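What follows is each chain in one-letter form.
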Amino acid sequence: MRTVLALLICLCLPLPLCAAPPAAAGVATIPIQGRALAIIDQSLADLDAAFASDPQAPSVQRLRDETARNLGLLRQRVLAIPGLPAPALESFASARPEAAPAPLPEAARAVAELNPVWEVDRQTRGERWLFNLQLNPADAKTVQAVLKIQAQVFGEITQPSARVFIIEKDAQIQKLASQWKAFYEHVTLQEYPWESLANGWFDVKRAITDIPTRQVKILHPVSGVVAFQGRQSSSGSPITGAEVLGLQWYDPGAGYKPTWGLGVLATLRAEGERSNGLGLIASYRDFKFGYRHSRRSDGQKVDQAIISINLARYFDFAPNSLLKEAVDKLQRGQGD
Amino acid sequence: MSTETTVVFLHGMGKHDATFHEAAWAFLQQKHESLSGQPLKAKAIPFVYDDIFASLRQAGSLADLQPFLQDTGVLGALSDLQSSDSFLYTHVLDVLIWRFHPQARATIITKLAAALSPLLVALTEGADRQLVVIAHSLGTAVATDVIHLLADQGVTDYKKLPAVHMLANVAKVLERPELPAYNPPQPSLCRPWTMDPVDKGALQRYYSYRNAFDPIPMVDAFRPEWSSRLFQNRVFKAWGAGVQPHDIFTYVQAPEVYMQLLWSITLDEATYTPERELQELAATSPTAASSLGRQGAFQDLAQRFADKTGLQDFMQVVQSMTNQKLW
């Protein structure tokens, strides 16, 4: 813990103490390499010393070689990290995502990705593994040295680095989850089962990170009232039918609330009509409006403008008793 | 240095609340205390996703259909079905929704990934942290997809999940063509990491368990060709005391399972030795005579469905189990 604090303090120290020149006026840079390289170089020296004096050297030759190779790889990646702006370093070391620079340097990511390599695997009973090698014999000087090196490299270099990037990834996962939650609640659960299944089938190959912004409507029940018919101001008759096939768009920025929609409308035959009605229906938010065509019993064409109940209420057609009666009738579930 | 372990439970099909893991967890706590003399120092977190299934089962406002359905009997029947707790409506529908409803599936996967991801972040707070995932039945398929997402999005590039235990593993039974459990060309990333830098495998260790008396994972058994050091596949026989062979409690009570689980949770090398496991196995009471009849019925099923694949076989097995009152 003390060494971690030392690293943090070093990383946050004023420039002269860390002996790093500023890259440009106003932007101080401190090489992150300093402390990490010192750890790695000392580790290489310790490894050599332990191996040279290890009576069990032949049985730990591969472990020594693999540790040296991985220290070399880590050194190479640490060297590739450019000087970071001081605030970036501070956040890099203390893992405060809100202060982290965006994007974080790719070279630092390469160091962070070595973190799993440097973690001791203890999941096999009675055994410890590192670099895909069993740490055996446990009492060998080289094994002891490797464990000490691992603790320092893992604790001071790779794990703190990994923490910054894993926090960054976690934020992306949280955002994705909240988007799907909003989509599910505001879109999927508002659909009928057959629409829901059909939309799922249409999107079966869509990536999970690509949340749909439109859905197909199939046989979606529609209730409305005739607002205008020919030159009459309003017929006031209720209309019930279904959006046979339509498309509905949603706004991801507003929690997947519906925006525009367009579909083909089929309605049941109204009183005095010879045929069922056909037409088009459009929607904006939860308001619907459309056009319906049918024929009366005497063969005359009927062209009607229809609106949804909530739109009728929005326009406040209350003085029109026929329309009001139609709205009430539909709400009571007594539509024809 | 004591290890601080978090244990995540994922439930299987059917109705579940946040207490679904309590019986299994209490058994593990009691077993650890009796074996080691110490209390089990670990925190259990139940991951519940049944709320997503439940909301979809209830979806579609029947009231909207009222103008079209004059027959109140029809509406009543639909309403009864929606609120049904029957095996068919909860268990089977859960599986069907999971398999065939990509949007519900995505919602579940991202919800659980968002719950698991911070636990991976917490693992980077120190070297003495452990995270163990225990999934059961449908939860194994769910866990496979959740972990695949985390790996695919790069979360596990920085920290591998130490141990995932799949009880009654159906990851193969419920695999989808676009994301096979382990077969090439692009298998799920919910697999042990080989330490190859280009390998995006998400786990340090994968444990799979199958009760030979449980027909559901038997339909298409999980048999990847992974390194035996990184993957353990245990098949055992347990009928369970008063519960059916697929139940999570039946699994956890088997020595082949609890010894491995408790080792993984505690990393207690002194208590969970291979020798101790042999002792526990020897102490297991033989199958009760009363269950032999059920075993006979099961043998017939096993012969009919062993090593077959596909959803149809899966459904036939479940139906046969139901008909023969093996559930």
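Just so you know, these numbers come straight off a predicted model, no measurement behind them. (Residues numbered from 1 in each chain as written. Chains lettered and ligands numbered in written order. Predicted model: local features only at pLDDT ≥ 70, side-chain atom pairs only at ≥ 80, totals over all residues.)

## Regarding the overall build of chain B
Counting secondary structure elements, chain B contains twelve helices and six strands. Within chain B, the proportion of its 327 residues that are buried is 45%. The contacts in chain B between residues at least 6 apart in sequence include a share of 76% that link residues at least 24 apart. (Helix = DSSP H or I, 4+ residues; strand = E, 2+ residues; numbered from the N terminus. Buried ≥ 20, exposed ≤ 12 C-beta atoms within 10 Å, placed from the backbone. Contact = placed C-beta atoms within 7 Å.)

## Thoughts on the pairing of strand 8 (residues 277-284) of chain A
All names here are of chain A. The two faces of strand 8 differ: Gly-277, Gly-279, Ile-281 and Ser-283 on one face are buried, but Leu-278, Leu-280, Ala-282 and Tyr-284 on the other face are not. The sheet contact formed by strand 7 (residues 257-267) and strand 8 spans eight bridges and is antiparallel. Among the inter-strand pairings, Gly-263 is bridged to a residue of strand 8, identified as Ile-281. Summarising the sheet, strand 8 and strand 9 (residues 287-295) pair through seven bridges and their orientation is antiparallel. Each residue of the ladder has a partner; that of Tyr-284, found in strand 9, is Phe-287. The antiparallel pairing of strand 8 with strand 9 creates a hairpin that spans two residues between the two strands, and Arg-285 there sits at a positive phi of about 55°. (Pairing = 2+ DSSP bridges.)

## Let's talk about the nonpolar core
Formed by 123 residues in total, the largest nonpolar core has its most connected members in Ala-113, Val-142, Ala-143, Val-146 and Val-164 of chain B. With 17 residues, helix 7 (residues 141-186) of chain A is the single largest residue contributor to this core. Val-146 of chain B has contacts with Ile-109, Leu-112, Ala-113 and Leu-116 of chain B, leaving out every residue within four places of it along the chain. The next biggest cluster of nonpolar side chains, apart from the first, holds six residues, and it includes Val-225, Val-226, Ile-239 and Ile-307 of chain A. (Core = buried A, V, L, I, M, F, W, Y, C linked by C-beta atoms within 7 Å.)

## A short note on the interface of chain B and chain A
Counting residues at the interface gives 50 residues for chain B, matched by 49 residues for chain A. Mapped onto the side of chain B that touches chain A, the elements with two or more residues apiece are helix 2 (50-57), helix 5 (102-123) and helix 9 (255-266) of chain B. Per element, the largest residue contribution to the side of chain B that touches chain A is 14 residues, and it comes from helix 5 of chain B. Here the side of chain B that touches chain A is composed, by residue class, of 27 nonpolar, 14 polar and nine charged. (Nonpolar A, V, L, I, M, F, W, Y, C, P; charged D, E, K, R; others polar.)

## Comments concerning the packing of helix 4 (residues 61-79) of chain A against helix 7 of chain A
Residue and element names in this part refer to chain A. In the contact formed by helix 4 and helix 7, the axes pass within 11 Å of each other and the chain directions differ by 20°. Put simply, helix 4 runs roughly parallel to helix 7. As helix 4 packs across helix 7, the resulting crossing turns out to be left-handed. Contacts between helix 4 and helix 7 involve Leu-63, Arg-64, Thr-67 and Leu-74 from the former and Thr-142, Val-143, Val-146, Ile-149, Val-153 and Ile-157 from the latter. (Axes fitted to C-alpha atoms, helices over the stretch in contact; angles between N-to-C directions. Parallel < 35°, antiparallel > 145°, perpendicular 65-115°, else oblique. Left-handed = near helix turned anticlockwise from the far one by under 90°.)

## Thoughts on helix 8 (residues 193-202) of chain A
Side chains of residues three or four places apart in an α-helix project in the same direction, reflecting 3.6 residues per turn. Residues and elements named next belong to chain A. Taken as a whole, helix 8 has its buried residues at Glu-195, Ser-196, Asn-199 and Gly-200. Looking down the long axis of helix 8, one finds its buried residues gathered within 135° of arc, a one-sided arrangement. For helix 8, exposure combined with an orientation more than 90 degrees from the buried face picks out Pro-193, Trp-194 and Trp-201. (Arc of directions from axis to C-beta.)

## Some words on the environment of Tyr-207 of chain B
Among the structural elements, Tyr-207 of chain B can be located in strand 5 (residues 206-211). Not counting chain neighbours up to four residues away, the residues in contact with Tyr-207 of chain B comprise Ala-163, Val-164, His-165, Met-166, Gln-232 and Gln-260 of chain B.

## A closer look at the sheet that holds strand 2 (residues 42-47) of chain B
Residues and elements named next belong to chain B. Spatial ordering of the open sheet is given by 2-1-3-4-5-6, a layout of six strands whose pairing is parallel. Of all strands in the sheet, those bounded by a partner on one side alone are strand 2 and strand 6 (231-236). Pairwise comparison of adjacent strand axes, ignoring direction, gives a mean angle of 15° for this sheet. With five bridges joining them, strand 3 (residues 129-136) and strand 4 (residues 163-167) adopt parallel strand pairing. Bridge pairing links Ala-135 to Met-166 in strand 4.

## Observations concerning the confidence of the model for chain A
All names here are of chain A. Of all residues in chain A, 72% have pLDDT values of 70 or greater, and the mean over the chain is 76. The least confident element of chain A, judged by mean pLDDT, is helix 2 (residues 15-18) at 30; the most confident is strand 3 (residues 129-130) at 92. When the criterion is pLDDT under 50, residues 1-31 qualifies, and its contacts beyond four places in sequence or with other chains add up to 44 contacts. (pLDDT = per-residue confidence, 0-100.)

## What to know about the pairing of strand 1 (residues 4-10) of chain B
All names here are of chain B. Among the seven residues in strand 1, five count as buried, and that is most of the element. The pairing of strand 1 with strand 3 spans seven bridges and is classified as parallel. Its bridge partner lying in strand 3, Thr-6 is registered against Leu-131. Alignment of strand 1 against strand 2, held across six bridges, turns out to be parallel. When the sheet's bridge partners are listed, Thr-6 is paired in strand 2 with Lys-43.

## Digging into the packing of helix 7 of chain A against helix 5 of chain B
Taken N-terminus to C-terminus, the directions of helix 7 of chain A and helix 5 of chain B make an angle of 150°; their axes are 8 Å apart at the nearest point. By the angle between their axes, helix 7 of chain A is roughly antiparallel relative to helix 5 of chain B. In the crossing of helix 7 of chain A with helix 5 of chain B, the sense of the turn from one axis to the other is left-handed. The segment helix 7 of chain A lies against helix 5 of chain B, with Ile-166, Ile-167, Asp-170, Ile-173, Gln-174, Leu-176, Ala-177, Trp-180, Lys-181 and Tyr-184 of chain A engaging Gln-103, Ala-106, Thr-107, Thr-110, Lys-111, Ala-113, Ala-114, Ser-117, Pro-118, Leu-120 and Val-121 of chain B. Here the contact of helix 7 of chain A with helix 5 of chain B is composed, by residue class, of 13 nonpolar, five polar and three charged.

## Quick look at the environment of Pro-245 of chain B
Looking at the secondary structure, you find Pro-245 of chain B in the loop between strand 6 and helix 8 (248-252). Between the C-alpha atom of Pro-245 of chain B and that of Asn-211 of chain B, which follows or precedes it by 34 residues, the distance is 7.1 Å.

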